[in-house]
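Report on the structure
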Amino acid sequence: MKPVKQFSQILIFLFLLSSCKATINKNDRIIDSEEKLFEENNSEKKTMEIKFSCGENGISEYLEDGWIIVKEDSQEKICTWKSVPATKDCDMEKDKGCKITKPDKIGEEKIYLLKK
């Protein structure tokens, strides 16, 4: 009976030893995968969309910083509004209902898609 007990103890010891070794290998794999993820994140390119309207232009700052223009688009945009009376008899300060707001200056809005 004693040899069976010793054999079972050796078997349990080998089982525990082999399971610890498997855990150590899994930890090594996790560390390797984290390093690969870190490298992929560093090589990932960044994109940004910026808008300038009504005569503003600050794109040169971004270009000097290393950004590259991928796409450029422009749209018409109202820069300022003005209030005018709806009728000749209208007093805009007393009667708010007779005030009409119209576009005053129309400019251009430029939209840039940048990549670094």
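Up top you'll find the structure we're talking about.
The following paragraphs examine the structure supplied in this document. On a predicted model such as this, the values are computed, not experimentally measured, just so you know.

**Considerations on the overall build of the chain**
Within the chain one finds two helices and three strands. Along the chain, helices and strands appear, N-terminal first, in the series α-β-α-β-β. The burial tally for the chain puts 12% of its 116 residues in the buried class. At a minimum sequence separation of 6, the contacts of the chain that also span at least 24 residues come to 67%.

**Notes on the sheet that holds strand 1 (residues 47-53)**
Read across the sheet, three strands follow the order 1-3-2 without closing on themselves; strand pairing throughout is antiparallel. Two strands lie at the open edges of the sheet, namely strand 1 and strand 2 (68-85), each paired on one side alone. Adjacent strand axes in the sheet meet at a mean angle of 20° when their direction is disregarded. Taken together, the 16 bridges between strand 2 and strand 3 (residues 99-115) define a ladder with antiparallel strand orientation. Opposite Q75, over in strand 3, you have E109 as the bridge partner.

**Some thoughts on the state of the cysteines**
Where two cysteines share a covalent bond between their sulfur atoms, that bond is called a disulfide. For the structure shown, the criterion picks out two disulfides. Shown here is the disulfide that connects C54 with C79, its sulfur atoms set 1.9 Å apart. Handedness here is read from the sign of the S-S torsion; for C54 and C79, about -105°, the answer is left-handed. On the criterion of sequence distance, the pair formed by C54 in the loop between strand 1 and helix 2 (59-64) and C79 in strand 2 is long-range, its members being 25 residues apart. Two residues, C90 and C98, share a disulfide whose sulfurs are 1.5 Å apart. With the S-S dihedral at roughly 65°, the linkage between C90 and C98 falls on the right-handed side. The two residues C90 and C98 agree in class, both being buried.

**Regarding the pairing of strand 3**
Direction of pairing for strand 1 relative to strand 3: antiparallel, over a ladder of seven bridges. Across the sheet, residue K51 finds its bridge partner in strand 3, namely I111.

**Structural notes on the nonpolar core**
Core analysis: the biggest nonpolar cluster contains six residues, these being I50, F52, I59, W67, Y112 and L114. Breaking this core down by element, the ones donating at least two residues are strand 1 and strand 3. If sequence neighbours within four positions are ignored, L114 has contacts with K46, T47, M48, I50, I59, Y62, W67, I68, I69 and V70.

Rules used in this analysis
Residues numbered from 1 in each chain as written. Predicted model: local features only at pLDDT ≥ 70, side-chain atom pairs only at ≥ 80, totals over all residues. Heavy atoms only, no water. Helix = DSSP H or I, 4+ residues; strand = E, 2+ residues; numbered from the N terminus. Buried < 20%, exposed > 50% of the residue type's maximum accessible area, 1.4 Å probe, protein only. Contact = heavy atoms within 4.5 Å. Pairing = 2+ DSSP bridges. Axes fitted to C-alpha atoms, helices over the stretch in contact; angles between N-to-C directions. Disulfide = S-S within 2.5 Å. Core = buried A, V, L, I, M, F, W, Y, C linked by side-chain atoms within 4.5 Å.

Geometric values such as these leave the question of function open.
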